[in-house]
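# Observations on the model geometry
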Amino acid sequence: MSAEAALPYRALSEVADVAGGVTLGRTVPDGASVELPYLRVANVQDGYIDTSEMKTVRVLKSEVGRFALQRGDVLLTEGGDFDKLGRGAVWDGRLDPCLHQNHVFRVRCNPGVVLPEYLATYLASQYGRRYFLSIAKQTTNLATIGSSDLKSAPVPQRSIAEQQGIVEALSAVGNEERAIDASIAKWEIIEEGLSESLLEGVSSGELSAIGNLGVVTTGMTPPVSWDARGVGKGIPLITPSQVSGGGETGTAEREISTDRRSDVRVISADATLAVCIGFGIGKVALSDSECCTNQQINSVAPFPEMDPRFVYLSVKRAMRQARARANLQVTPIINKKDFSALTVTVPDGMEQRRIADAVWAVRGRQSLLRAESVKLRKLKQGLTDDLLSGKVRVRDVA
């Protein structure tokens, strides 16, 4: 039996007050109501609150106290996609007053019994996730947790001093992680500015179009029956969610059987992938291996005389300019024809390599920082599991 299993437990409702939020779409009289900002599921991310895009709701003045958040409240999402199940963070009181909608639970900790940061850490850990998944009401792609089940969530009891020690130990690693992320963001800005400056300064090139950089292909969404049997045994299917802001492709969620190779429009390594449909429009990545894509992505497999890195940089610049126009549409879209016609300037091969080498020197610095960030995340995850399970005690890492 693990140390975590041997700890005494209490139901969440015994150590905190759990409440739902305001229901949207109600009609309330103007004279007796007030319009205030509120947190949606989209605002409550894994470990932080994103208030960059806020909405407002009109509620009765008499209800403000009931739905208003307080600094230290733990916010948890009711569900939706599986990654949103029980996702949460601690509210820091940056907006006051601020409400929360009914799909976001508010958990107000009992002072002296449980710390908000400790509770949020535990509920986000493998132990909290395991409980949420065990009680969730599931459909094909969605899962939700009810108020009564959340109130019954088991919370391991530790002294406030030990809870504080766990929080501080994990916070130290988190601070390092945030510092590295800030450095990555700084280098991304430097890369963006350098790339723009070098491409803008091309004087010996010819005005051309993306379609003249390589073979343009629009992907498709294969049926599930085409999936490979086993991870690593098929052709990765890249969708917009795997196209990162840093210009790289993440791990594919699906792989297509090699038997369907001729049906899925296979893209070669070093092709540039551009998201051309939906709210991820404008994201561009350089593939590091052979893959296929869904219909939201147009790809450019560079001609032999083109430097693949230069193609990536040129497409990225052209997409930044096209994205502003596309975002004015109800459903943002750049079709294959318009994508292929986007204007680029193409210098000779030597100039292409000079530009790409300069930008890639900056990208190399980012790659080192991203690798360090991955190591820290793994360290933090392992430390979290060890501290919460009791395998490692706070005094051991002090």
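Structure first, text after, so check above.
So, here is what we can say about the structure in this document. Residue numbering note: each chain is counted from 1, following its sequence as written. In keeping with the model being predicted, local features are shown solely for residues with a pLDDT of at least 70 and side-chain atom pairs are shown and tallied solely at 80 or more, while totals for entire chains, interfaces and linings include all residues. Side-chain descriptors were evaluated using all non-hydrogen atoms of the structure, hydrogens and water having been removed beforehand.

## Topic: the overall build of the protein
Helix numbering and strand numbering both begin at the N terminus, where a helix is a DSSP run of H or I of at least 4 residues and a strand a DSSP run of E of at least 2. Of the regular secondary structure elements, the protein holds eleven helices and 21 strands. Judged by the C-alpha coordinates and their principal axes, the protein covers about 70 × 60 × 45 Å. Only protein chains enter the area calculation, which uses a 1.4 Å probe; residues under 20% of their type maximum are buried, those over 50% are exposed, and those in between are partly exposed. In the protein, buried positions account for 45% of the 398 residues. Contacts between residues were defined by any pair of non-hydrogen atoms, one from each residue, lying within 4.5 Å. Here the contacts in the protein between residues at least 6 apart in sequence split such that 77% fall between residues at least 24 apart. Put simply, the protein shows about 19900 Å² of open surface, and 52% of that area lies on carbon and sulfur atoms. Charge convention: Lys and Arg are scored as positive, Asp and Glu as negative, and His as well as the terminal groups of each chain are ignored. Positions of charges follow a simple convention, taking NZ of Lys, CZ of Arg, CG of Asp or CD of Glu. Treating the 47 positive side-chain charges of the protein as one cloud and the 47 negative ones as another, the clouds have centres 3 Å apart. Note on areas: these come from Shrake-Rupley sampling with a 1.4 Å probe, and a residue is covered only by the protein chains present in the view.

## Here we look at the sheet that holds strand β2 (residues 16-19)
The pairing criterion for strands is at least two bridges between them, as found by DSSP. The strand order across the open sheet formed by four strands is β2-β9-β5-β7, and the pairing between neighbours is antiparallel. Among the strands making up the open sheet, the edge pair consists of β2 and β7 (88-90). Each strand axis lies, on average, 20° off the axis of its neighbour in the sheet, ignoring direction. Between N-to-C directions, angles span 0 to 180 degrees; the directions come from axes that are lines fitted to C-alpha atoms, helices contributing only their stretch in contact. The sheet strands contacting helix α4 (residues 116-124) are β5 (74-77), β7 and β9 (104-109), and the helix crosses β5 at an angle near 20°.

## Concerning the packing of α4 against helix α5 (residues 126-135)
It is the contact of α4 with α5, at a shortest axis distance of 4 Å, that shows an interaxial angle of 60°. Considering their axes alone, α4 and α5 lie oblique with respect to each other. Note on element contacts: α5 touches α4 through Gln126, Tyr127, Gly128, Arg129 and Phe132, opposite Tyr122, Leu123 and Ala124. Polar here means any residue outside two lists: the nonpolar Ala, Val, Leu, Ile, Met, Phe, Trp, Tyr, Cys and Pro, and the charged Asp, Glu, Lys and Arg; Gly therefore counts as polar. Residue classes in the contact of α4 with α5 are distributed as five nonpolar, two polar and one charged. Roughly parallel means an angle under 35 degrees; roughly antiparallel means over 145; roughly perpendicular covers 65 to 115; every other angle is labelled oblique.

## Focus on the packing of aromatic side chains
Pairing of aromatic side chains requires ring centres within 6.5 Å, counting the rings of Phe and Tyr and the six-membered ring of Trp. Pairs whose planes differ by under 30 degrees are stacked, by over 60 edge-to-face, and all others tilted. All chains considered together, the criterion is met by three aromatic pairs. Where Tyr122 meets Tyr127, the ring centres are 6.3 Å apart and the plane angle is 10°; that geometry is what we call stacked. When its relative accessible area of 3% is taken as the criterion, Tyr122 is described as buried. With a relative accessible area of 13%, Tyr127 lands in the buried category. With a centroid separation of 5.9 Å and 90° between ring planes, the pair formed by Tyr312 and Trp360 is classed as edge-to-face. Of this pair, Tyr312 sits in helix α8 (residues 308-326) while Trp360 sits in helix α10 (residues 349-389), placing them 48 residues apart in sequence. For Tyr312, a relative accessible area of 0% puts it in the buried group. Whether a charge sits over a ring comes down to the Lys NZ or Arg CZ being within 6 Å of the ring centre and within 35 degrees of the ring normal. Across from the ring centre of Trp360, 5.9 Å away, lies the NZ or CZ of Arg309, which sits over that ring.

## Examining the pairing of strand β15 (residues 235-238)
Taken together, the three bridges between β15 and strand β16 (residues 254-256) define a ladder with antiparallel strand orientation. Opposite Pro236, over in β16, you have Glu255 as the bridge partner. Direction of pairing for β15 relative to strand β19 (residues 292-293): parallel, over a ladder of two bridges. Considered in β19, the bridge of Ile238 is made with Thr293.

## Focus on the side chain of Gln101
Looking at the secondary structure, you find Gln101 in the loop between β8 (99-100) and β9. Accessibility expressed as a relative area gives 7% for Gln101, which makes it buried. A polar contact of 3.4 Å, which involves the side chain of Gln101, links it to the side chain of Asn102. Leaving out residues up to four positions away in the same chain, Gln101 has contacts with Gly21, Val22, Leu24, Tyr38, Leu39, Arg40 and Val41. Any pair of nitrogen or oxygen atoms within 3.5 Å is treated as a polar contact; in protein, a donor-acceptor pairing is required on top of that, and neighbouring residues in sequence qualify only through side-chain atoms on both sides.

## Some thoughts on the packing of helix α7 (residues 160-200) against α10
In contact at an axis separation of 9 Å, α7 and α10 are set at 165° when each is read in the N-to-C sense. In terms of orientation, α7 lies roughly antiparallel with respect to α10. In the crossing of α7 with α10, the sense of the turn from one axis to the other is left-handed. Helix crossings get a hand from a simple test, with the near helix turned counterclockwise from the far one by less than a right angle marking a left-handed crossing and a clockwise turn marking a right-handed one.

## Considering the nonpolar core
Side chains of a nonpolar character, in soluble globular proteins, are inclined to be buried together. Among the buried residues, those of types Ala, Val, Leu, Ile, Met, Phe, Trp, Tyr and Cys that are joined through side-chain atoms within 4.5 Å form a nonpolar core. Counting residues in each nonpolar core, the largest one holds 38 residues, and the members touching the most others are Leu12, Val107 and Leu119. Mapped onto this core, the elements with two or more residues apiece are α2 (12-15), β2, β5, β9, α4, α5, α7 and α10. Broken down by element, the residue count for this core peaks at seven residues, all from α7. For Leu119, the contacting residues outside a window of four places in its chain are Leu12, Val74, Val107, Cys109, Val114 and Val155. Among the nonpolar cores identified, the runner-up in size contains 28 residues, and Leu213, Met306, Ile334 and Ile355 belong to it.

## Here we look at the sheet that holds β16
In space, the three strands of this open sheet follow the order β16-β15-β19, with mixed pairing throughout. Across the chains shown, the open sheet's two edge strands, defined by having one partner strand only, are β16 and β19.

## A short note on unusual backbone geometry
The phi angle of most residues is negative, glycine excepted, and most peptide bonds adopt the trans form. In this structure, Pro97 follows Asp96 across a cis peptide bond, with omega equal to 5°. As for its position among the elements, Pro97 is in the loop between β7 and β8. A positive phi angle, near 60°, is found at Arg265, a position not held by glycine. Position of Arg265 among the secondary structure elements: in the loop between β16 and β17 (272-275). The backbone of Asp270 shows a phi angle near 70°, a positive value even though the residue is not glycine.

## A word on α5
Inspection of α5 places Tyr127, Gly128, Tyr131, Phe132 and Ile135 among the buried residues, and these make up the whole buried set. Looking straight down α5, one finds that the buried residues subtend no more than 135° of arc, so they occupy a single side. By construction, the arc corresponds to the directions joining the helix axis to the C-beta atoms.

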